[in-house]
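Chain by chain, the residues run as shown.
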Amino acid sequence: MGNSLKAIVAFVPSDECQKYLLEDLEEMPVDKMVDLSGMQLRRLPLHICSFRELVKLYLSDNNLNHLPPELEQLQNLQILALDFNNFKALPLVVCTLKQLCILYLGNNKLCSLPFELRLLQNLKTLWIESNCLQCLPEVVCELSLLKTLHAGSNALRTLPSQLRCLQELRTIWLSGNLLSEFPPVLLDMPFLEVIDVDRNSIRFFPSLAHLPGLKLVIYDHNPCRNAPKVAKGVRRVGRWSEETPEPRKRSGAVIEITLDERPSPPPAAKPEPEAEPC
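Rules of the game
- Residues numbered from 1 in each chain as written.
- Predicted model: local features only at pLDDT ≥ 70, side-chain atom pairs only at ≥ 80, totals over all residues.
- Heavy atoms only, no water.
- Helix = DSSP H or I, 4+ residues; strand = E, 2+ residues; numbered from the N terminus.
- Buried < 20%, exposed > 50% of the residue type's maximum accessible area, 1.4 Å probe, protein only.
- Contact = heavy atoms within 4.5 Å.
- Areas by Shrake-Rupley, 256 points an atom, 1.4 Å probe, with all protein chains shown as cover.
- Pairing = 2+ DSSP bridges.
- Axes fitted to C-alpha atoms, helices over the stretch in contact; angles between N-to-C directions.
- Disulfide = S-S within 2.5 Å.
- Phe/Tyr/Trp six-rings, centres within 6.5 Å; stacked < 30°, edge-to-face > 60°.
- pLDDT = per-residue confidence, 0-100.
- Salt bridge = Lys/Arg side-chain N within 4 Å of Asp/Glu carboxyl O.
- Polar contact = N/O pair within 3.5 Å; in protein donor to acceptor, adjacent residues only side chain to side chain.
- 1 Å grid on protein atoms, 1.4 Å probe; cavity = no way out; pocket = protein on both sides within 12 Å on 5 of 7 lines; lining within 4 Å.
- Points joined across faces, edges and corners; volume = space filled by probe spheres on them.
- Nonpolar A, V, L, I, M, F, W, Y, C, P; charged D, E, K, R; others polar.

Trainee: In this structure, what is going on with the overall build of the chain? I would like to understand it.
Mentor: Within the chain, the secondary structure is distributed over two helices and twelve strands. Listing the helices and strands of the chain from first to last along the sequence gives α-α-β-β-β-β-β-β-β-β-β-β-β-β. Out of the 278 residues in the chain, the part that is buried amounts to 44%. By sequence separation, contacts in the chain at least 24 residues apart represent 26% of the contacts at least 6 residues apart. Approximately 14,400 Å² of the chain is accessible, and the part contributed by carbon and sulfur atoms is 52%.

Right, dumping it as C-alpha cells:
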C-alpha cells in the first residue's frame, strides 16, 4: 500500500478504513508485539486492546493525540512507544499500565506530566525528549526504579532537588536544554554512570571526581572555561571553545595554555543512548 493512499485513508475514522490500514492484523502476533509505527493513524484501532497478552506496542510516528480507555485492558504491556505523535497531554489511561518498564514519549507537545504517572512503579526507562517542558516534572522523582532518563531538547533551566531520591538512576541525558549552571542535585547522586549536558549554556563545571560510579560525562557545546574534573578512568566528551581556552593556574597567576600545550579534543561523536531491556 502506498504511503499517499495510507495518508488519505487515515483521515477517514470508520472502522473499515482503520482495518484497511492494519491490513491483516486481526489476531495477536505470536511474539506478543504489535508495531503500528508510521501508519498515519489518527486513533488506535480498538481491536488492538483485545490482545490482552500483548507485551510490546509501538505507535511511533503517527497522528495520535488521544488513546481509548480500552487500552487499560493491556495489563501485560511492558513497552509502549508514543513518540513522534501529537500528544499535548499524556492520556491518563497510560498510567494504568502498571507493568510498563519502558515508555517513549519523545517528540510530542507535552508541557507537563500527570501526577498519576507515579503509579508506574516498574518504569525503568523514560524518554521525554523534544517536548515543551520548561521544568522537569516532579512526578518523575517518584519513579523509584528509574534507571535511564532522556530529557534532552526541552527548555529545562533547573532540575528538582527531589531527583536525588532516584537511587537506581544510572544515566541522565539533558542535552539541548537551557541549563546555565551544572545542576547541583547531580553532585549528590553518586551512582550516576552517564551525565549528558551537551548543548546547554553552562559556563563553569564543578568537580565530579567524588562521584564513584561515573563512567562518562558529555559537556560539549557549552560556553565553559573549564572541563569538569573527574576520577581516573572516567571518559569526558567536550573541549574548550576556541575563544576561551581553559586557563592553567600557577602560584595564583593565570597562564594561558599555548596551542602546542592544549590537549587534543576527544572524539566529537557521542554514543547513542540505548533503551534498557525490561
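There's more to say after this.
Trainee: Sorry if this is basic, but what is going on with the sheet that holds strand β2 (residues 56–58) here?
Mentor: In a beta sheet, neighbouring strands pair by backbone hydrogen bonds and run either parallel or antiparallel. Judged by pairing direction, the sheet is parallel, and its ten strands sit side by side in the order β1-β2-β3-β4-β5-β6-β7-β8-β9-β10 without closing on themselves. This sheet does not close on itself; its edge strands, each paired only once, are β1 (33–35) and β10 (235–237). Along the sheet, successive strands turn relative to each other by an average axial angle of 5 degrees, direction set aside. Where strand β8 (residues 194–196) lies against strand β9 (residues 216–218), three bridges are found, and the strand directions are parallel. Paired with Asp 196 across the two strands is Ile 218, which belongs to β9.

Trainee: Hey, could you run me through the state of the cysteines in this one?
Mentor: Cysteine pairs can be covalently joined through their sulfur atoms, and such a bond is termed a disulfide. A complete count under the given rule lists zero disulfides for this structure. Here Cys 141 is not cross-linked by a disulfide; its sulfur's nearest cysteine counterpart is in Cys 165, at 7.0 Å. Under the relative-accessibility criterion, Cys 141 is labelled buried at 9%.

Trainee: Just checking my understanding: could you explain the packing of aromatic side chains for this structure?
Mentor: Geometrically, a pair of aromatic rings is defined through the distance of the ring centres and the angle of the planes. Overall, the coordinates contain three aromatic pairs when judged by the stated rule. With a centroid separation of 5.4 Å and an interplanar angle of 35 degrees, the aromatic rings of Tyr 104 and Trp 127 are classed as tilted. In this pair, Tyr 104 is assigned in strand β4 (residues 102–104) and Trp 127 in strand β5 (residues 125–127), connecting sequence segments 23 residues apart. An aromatic cluster is built from Phe 182, Phe 205 and Tyr 219, whose rings are joined through pairwise contacts.

Trainee: What should I look at first to understand the confidence of the model for the chain in this one?
Mentor: Low pLDDT marks stretches whose predicted atomic positions should not be read closely. This prediction gives the chain a mean pLDDT of 85; 77% of its residues lie at or above 70. Low pLDDT, under 50, characterises residues 240–271; the predicted model gives this stretch 41 contacts beyond four residues in sequence or across chains.

Trainee: Hey, could you run me through the pattern of salt bridges in this one?
Mentor: Between side chains of opposite charge, pairing is possible as soon as their charged atoms come close. According to the stated counting rule, one finds four salt bridges in the structure shown. With a closest N to O distance of 3.9 Å, Lys 215 and Glu 193 form a salt bridge. Here Lys 215, found in the loop between β8 and β9, pairs with Glu 193, found in the loop between β7 (171–173) and β8; they are 22 residues apart in sequence, far enough to count as distant. With a relative accessible area of 25%, Glu 193 lands in the partly exposed category.

Trainee: Would you take a moment to explain the side chain of Asn 85 for this structure?
Mentor: Structurally, the position occupied by Asn 85 is in the loop between β3 (79–81) and β4. Within the local environment of Asn 85, its side chain forms a polar contact with the backbone nitrogen of Leu 64, the two atoms lying 3.0 Å apart. Within the structure, the side chain of Asn 85 is placed 3.1 Å from the backbone oxygen of Leu 82, a separation counted as a polar contact. With residues near it in sequence (within four places) discarded, Asn 85 still touches Leu 59, Ser 60, Asp 61, Asn 62, Asn 63, Leu 64, Asn 107 and Asn 108.

Trainee: Explain the environment of Cys 132 to me, please; I cannot follow it from the model alone.
Mentor: Within the secondary structure, Cys 132 sits in the loop between β5 and β6 (148–150). Distance from Cys 132 to Cys 111, taken between C-alpha atoms, is 4.8 Å for residues 21 residues apart in sequence.

Trainee: So what exactly am I meant to see when it comes to empty space enclosed by the protein here?
Mentor: Summary: where empty space remains is shown by rolling a probe the size of a single water molecule over the atoms. Within the structure shown, the criterion is met by one cavity of 30 Å³ or more. In this model, the largest cavity occupies a volume close to 30 Å³. Split into classes, the residues belonging to the lining of the largest cavity amount to seven nonpolar, one polar and no charged.

Trainee: Help me understand the side chain of Ser 60 in this model?
Mentor: Checked against the element boundaries, Ser 60 lands in the loop between β2 and β3. Residue classification places Ser 60 among the buried residues on the basis of a relative accessible area of 12%. Of the polar contacts made by the side chain of Ser 60, one reaches the side chain of Asp 83; its length is 2.5 Å. When residues no more than four places from it in sequence are discounted, the contact partners of Ser 60 are Leu 36, Ser 37, Gly 38, Ala 81, Asp 83, Phe 84 and Asn 85.

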